[in-house]
Amino acid sequence: MASETIALTAVHDVPRPIGTILHDWVTTVDHKKLGILYILYALVFLVIGGIEATIMRIQLIIPHNHFVSPQVFNRMFTMHGTTMIFFVTMPILFGFGNYLIPLMIGARDMAFPRLNAWSFWLTAFGGLLLYFSFIGGNGLYGAGTAPDVGWFAYAPLTATAFSIGHSTDFWTLGLLVSGFGSIGTAINILATIVCLRCPGMTLSKMPLFAWLNLVMAAMVLLAISPLTAAQMMLSLDRFLGAHFFDTLAGGSAVMWMHFFWIFGHPEVYVLVIPAFAFASEIIPVFSRKPIFGYPVMVAATVCIGFVGFSVWAHHMFTVGMNSYANSFFTITTMAIGVPTGIKIFNWIGTMWGGKIIFKTPMLFCIAFLFQFLIAGLTGIMLSAAPFDWQLGNSYFVVAHFHYVIVGGILFTLFGAFYYWFPKMSGRMYNETLGKLHFWLFFIGFHLTFDFMHIPGLLGMPRRIYTYEPGRGWDIWNLICTIGVFFQIAGTSVFVGNLLWSYFKGKAAGNDPWDAWTLEWSTSSPPVEYNFAEIPVVKSRRPLWDIKHPEDPDWKYE
Amino acid sequence: MVREIHQNSQERQHKRRIQWALSTIAGCLLAALPVFGNPEDPSQTPNMFKPQSSPAHAIFHLSLFVLAICAVIFVIVFSLLTYSVIKFRRRANDDGREPPPIYGSNQIELAWTVIPVLIVLVLFLATARVIHGIQQAKKPPEAIEVIAIGHQFWWEFRYPALGVVTANELHVPVSDTSHPTPTFITLVSADTDHSFWVPRLAGKTDLIPNRENHMWIDPDQPGIFIGQCAQYCGTQHAKMLLRVYVDSPDQFKKWVEEQSKPAQVSESAKEGRRIFETTACINCHAVSGTVADGRFGPDLTHLMSRDTIASGAATNTSENLRLWIHNPEAIKPGALMPAMNLNQHDLDAVTAYLETLR
Amino acid sequence: MSTASSVSMEQPWVLPSRGRVGMFSLIAAELAIFTIFVVAYLFYIGKSLTGPLPKDVLELPIFASICLLSSSLTIHAAVSGLRNGRVRTFAMWWFGTMVLGLIFLGETAREWYHLIFEKGLTISTNLFGTTYYSLVGLHAFHVTVGLICISIAMVLTLLGKVKQEHGERAEVFSLYWHFVDAVWIVVFTVVYIIGR
């Protein structure tokens, strides 16, 4: 086993004119550059979406506040939700997937590099189209306005009768366009994982990251399409006078809800499964043990993928479905808690008996476990339909899903940033600043979202620009708003750390974490062709086998 | 012993993290107690944990059961997580050897699959009982029937059997378990989606155009119960407030009698009435016994019998009434009532007329 | 882990072709879109508040369906011709596919002309009009896109650029065309049989 890897050291290019660099990035089909484009694009929208959230929370800090008008507030919650889901979380997860999947499976690029570029630019254009609505939309007052129909745009509020002008059309068309980009990327991820694995890497030997992204990609194909179809229908209604959701012509408002949530629920699994993928790579490395129960983790994820398509109407418990339908969606929603819980237990099982190292990526993943547990339990509460009849459409739901998306997904995303930043940039980030970011954000997150459950329990509905004093909601709203500023502080430290470390950080080397998957065998950052020679693997932890030739994994798996 | 004395910074970090987590949870649990309603006027907090009607009671009991199970699960898993984070951390004096790799265990996987499945089964059965109990309740013959029509941004209530039409403030009689007089509400919408939510009386049910939904309440105590629209319906969704007045049987009877009468005619308000009936007011509003029969806005026949105007956005006082007619944007920006552009004299006259509609 | 050159594998390492996997993935996504339109169609059967109704205006498009479904056979013949190196056979059958597809579109256009100008049914007339034009139109759009691809390949064939090695690509495209035909079977059943 003499010439294991041809260790590639990064070659830092000679300085090139800025025009050449820009042209290179705009026309690239390299999965690593596209991955970084996705990630940077998403970070910009993360800041914008955060500003929208901050505006809302300032408006809600006291009852009957006049910080913004109801019209502006309604645009804020619509744009915040739409931005965070479609132009932050999805692109950033596609970005990490794009960057890491070929490296982890020993390939030189994605299966369809040009499709990859097309998908990115389509997604990017969709976001710009949506945001153009701020200046180009034509709402009630004739000035530009963004959509204000909520991120799930229920009919018939979106009909031309109730949504005058074109603000809703920016929502529909922006998402339609970026939806095609998402389908393109999903096709690419699926084909890459199925067709481009290096020799020896059977499906049962590929990193969990690849498995989970495979399930995610399959879900995207089946989940985004219903949204695409519904948006086509809405556009036909609004532009050509069709009657899909026109209740005056006999159309059904509930049908929009069904189509939307058949997309909307699997979508949240599309978002959370890559977050699980990050945790499944980071936790083993920082516990110094392989993932506990690899086959069960795969089976549980596939199970979530299937069952996730059967739970959608738990978003519609209050719509007046009959008791059998309500019972059906209750049991499917409770059932999906089982494989999800199994995954949490397996992560704890990975840490059990290990030697846990508390570097920043691991801190974020431990907090993820704690927070995702709570998020899952509030989800179980909501799955009991009668309980949902009280809690649905209230701040309890808002708290629940932010717990999943911020407490679960964003925390593992931060972990992923710190974990793979050395690989992508060739430099180490500052560990002290990383920990500072963690604590500031942890405190802010809990201040905002723990206490947000309470107004929901006390009867505060969501999507209201103000509320009545004396209902017992005032103090909780105040605390929630205070937490926002800690989160802003933490995120600023994060951005500053990345920027500073990119230019001034210590050289990271190929494998700063002593990890075991293939991306750590190339240089940091990897050369354009990823590997000098395509590797051949015999186990799930190929680098472990090299580092421990006397005790390789393939003897035990 | 040595380890405890030499607490390194990592151990302190974990202890702090755990303390913080525990205090957050304890705070949340305490805060969830009904004690934390508004202390001055507890009835003004729409607290689902203080139910006053059978559907709300059933949900309350189910919620306690669900919360208890979730609390137990949380304590167990959180303890395991905390334990592993503390016990299996890499010590300062670590020898650098990798710990034994454990790839999995079929027995453990089976155990922590089977137990959650059983928990799910139990939870589901308890839940299904409540679903059926609430949704398939039979309507007794003495039930009060109400049709609730959702509008942007107000509530229309019609009692077809009693000949009553009102807005925003729903009156129902107390329901005695020995002789139940529940109120069965049919929910429809005139425009977009809305949702009827008065937490202390029942869970919420949506009002959806081109669809009829049903719900029922049987309040067991007189009082005023507040709620509001719980499905985003447009600009003024936030101020589509709701009140349910639970009256004693005699009070309810009296209310119905008063509401079924046509509008009072008052000589002093003749001028205001003339202006009202010759401007655009009657396009939207109805006053029974007069030419005004618009259906777009609330019925004003017994406007002064209500405590609030603009679906709860303002109390029903002379100044507010005047302001509302003069400039609705000042009270409810985005409401669908236009400013009527009356001059001061006409404004005073119309307000005076409306104030005679008891 | 070792490098590919230094270790001999017991069996050759063969994974599915990416073109095929990619096309199946695309078909899965498209299937989901069509399913939603079919569900809307089925749900709204009999719910139109005004006429015209399907039984008043719809005639079975037998000829068009035969053309479209036969084009699956012709494209299959074309692709096997190309895989066996017979480019002229390929060109002939490929041209036949194009003609059959164009006939199908022409028949659809004729039907729509008749419905709009003689029967007064448009997408905004009633729920039947809405669901009919959107479902049949979505399918016709997919046929059109397929025909554009076929035309481009036809031109390239006439220019002599298409060779045996392109057989795999032609086969991957034919998967799309077969999918479009299969969807037509579903659309035909739902619109002209169940819905009438």
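All figures in this text were calculated on a predicted structure; none of them were measured in a lab.

## As for the overall build of chain A
Then, in step 1: Summing up its helical and strand segments, chain A has 16 helices and one strand in all.
Then, in step 2: Taken over C-alpha atoms, the radius of gyration comes to 24 Å for chain A, in line with the 24 Å a tight globule of 557 residues would show.
Then, in step 3: C-alpha extents for chain A along the principal axes are approximately 75 × 50 × 40 Å.
Then, in step 4: In chain A, buried positions account for 67% of the 557 residues.

## Overview of the interface of chain C and chain A
Then, in step 1: Contact residues are listed per partner, giving 34 residues for chain C and 41 residues for chain A.
Then, in step 2: Among the elements of the structure, strand E1 (2-3), helix H1 (18-43) and helix H5 (127-158) of chain C are those that each provide at least two residues to the side of chain C that touches chain A.
Then, in step 3: Looking at the side of chain C that touches chain A element by element, the count peaks at 13 residues for H1(C).
Then, in step 4: Here the residues of the side of chain C that touches chain A are counted per class, giving 20 nonpolar, 12 polar and two charged.

## As for the interface of chain A and chain B
Then, in step 1: Listed as interface residues are 81 residues of chain A and, on the opposing side, 82 residues of chain B.
Then, in step 2: When contributions to the side of chain A that touches chain B are tallied by element, the ones reaching two or more residues are helix H3 (70-104), helix H7 (253-287), helix H8 (294-307), helix H9 (323-351), helix H10 (360-383), helix H11 (385-391), helix H13 (431-451) and helix H14 (453-457) of chain A.
Then, in step 3: Ranked by residues supplied to the side of chain A that touches chain B, first place goes to H9(A) with 15 residues.
Then, in step 4: Here the side of chain A that touches chain B is built from residues that sort into 45 nonpolar, 29 polar and seven charged.

## Comments concerning unusual backbone geometry
All names here are of chain A.
Then, in step 1: The amide bond that connects Ala-155 to the next residue, Pro-156, takes the cis arrangement and shows omega of -5°.
Then, in step 2: In this structure, His-64 takes a positive phi of about 55° despite not being glycine.
Then, in step 3: On the secondary structure map, His-64 appears in the loop between helix H2 (31-59) and H3.
Then, in step 4: Looking at His-64, the number of C-beta atoms within 10 Å reads 8, which means it is exposed.
Then, in step 5: Positive phi is not limited to glycine here, since Asp-514 has a value of about 55°.

## A closer look at the sheet that holds strand E7 (residues 205-207) of chain B
The strands making up a sheet are joined through hydrogen bonds of the backbone, oriented either antiparallel or parallel.
Residue and element names in this part refer to chain B.
Then, in step 1: In space, the five strands of this open sheet follow the order E4-E10-E9-E6-E7, with mixed pairing throughout. Each edge of the open sheet is held by one strand with a lone partner, namely strand E4 (169-173) and E7. Each neighbouring strand pair of the sheet contributes to a mean axis angle of 25°, computed without reference to strand direction.

## Digging into the packing of H3(A) against helix H5 (residues 167-195) of chain A
Angle between the axes and distance between the axes are the two parameters that describe a pair of packed helices.
All names here are of chain A.
Then, in step 1: Two elements in contact, H3 and H5, have axes whose closest approach is 11 Å; the angle formed by their N-to-C orientations is 20°. Relative to H5, H3 is oriented roughly parallel. The handedness of the crossing between H3 and H5 comes out as left-handed. Here H3 contributes Thr-82, Phe-86, Met-90, Phe-94, Gly-97, Ile-101 and Pro-102 to the contact with H5, which in turn contributes Trp-171, Leu-175, Ser-178, Ser-182, Thr-185, Ile-189, Thr-192 and Ile-193.
Then, in step 2: Taken together, the residues that form the contact of H3 with H5 break down as nine nonpolar, six polar and no charged.

## Here we look at the sheet that holds strand E1 (residues 144-151) of chain B
All names here are of chain B.
Then, in step 1: The five strands lie next to each other as E3-E2-E1-E5-E8, forming an open sheet whose pairing is mixed. At either margin of the open sheet sits one strand with a lone partner, and together these are strand E3 (164-167) and strand E8 (213-217). Within the sheet, the average angular offset between the axes of one strand and its neighbour, ignoring direction, is 25°.
Then, in step 2: Here strand E5 (residues 183-189) runs beside E8; their pairing, made up of five bridges, is antiparallel. Across the sheet, the residue bridging to Ile-185 is Met-215, located in E8.

## Notes on helix H6 (residues 270-278) of chain B
Residues and elements named next belong to chain B.
Then, in step 1: Burial in H6 covers these residues: Gly-272, Arg-273 and Phe-276. One side of H6 holds all its buried residues, which, seen down the axis, span an arc of 100°. Away from the buried face of H6 by more than 90 degrees, exposed residues Lys-270 and Thr-278 are located.
Then, in step 2: Residues of H6 that are buried make contact with helix H7 (281-284) and helix H10 (344-354).

## Notes on the confidence of the model for chain C
Then, in step 1: Put simply, chain C has an average pLDDT of 93, and 95% of its residues get 70 or more.
Then, in step 2: Per the prediction output, this complex has pTM 0.93; the corresponding ipTM is 0.94.

Rules behind the numbers
- Note on numbering: residues in each chain are counted from 1, in written sequence order.
- As they are written, the chains are lettered A onward and the ligands numbered 1 onward, keeping that order.
- Local features are withheld for residues below a pLDDT of 70 in this predicted model, meaning they are given only at 70 or higher, and side-chain atom pairs are given and counted only at 80 or more; totals for whole chains, interfaces and linings count all residues.
- Per the convention used, a helix needs a DSSP run of H or I reaching at least four residues, while a strand needs a run of E reaching at least two, with both numbered from the N terminus.
- C-alpha atoms define the radius of gyration, and 2.2 Å times the number of residues to the power 0.38 defines the globule rule.
- Here a residue counts as buried when 20 or more other C-beta atoms fall within 10 Å of its C-beta, as exposed when 12 or fewer do, and as partly exposed in between; the C-beta atoms come from the backbone.
- Residues are scored as being in contact if the C-beta atoms we place from backbone atoms lie within 7 Å.
- Note on residue categories: nonpolar means Ala, Val, Leu, Ile, Met, Phe, Trp, Tyr, Cys or Pro, charged means Asp, Glu, Lys or Arg, and polar means any other residue, Gly included.
- Strands are treated as partners if at least two bridges between them are detected by DSSP.
- To obtain each axis, a line is fitted to C-alpha atoms, and for helices this fit is confined to the stretch in contact; angles are then taken between N-to-C directions over 0 to 180 degrees.
- For classification purposes, an angle smaller than 35 degrees is called roughly parallel, one larger than 145 roughly antiparallel, one from 65 to 115 roughly perpendicular, and anything else oblique.
- By definition, turning the near helix anticlockwise from the far helix through less than a right angle yields a left-handed crossing, and turning it clockwise yields a right-handed one.
- Summarising the geometry, the arc corresponds to the directions from the helix axis toward the C-beta atoms.
- What pLDDT expresses is the predictor's confidence in each residue, scored from 0 to 100.

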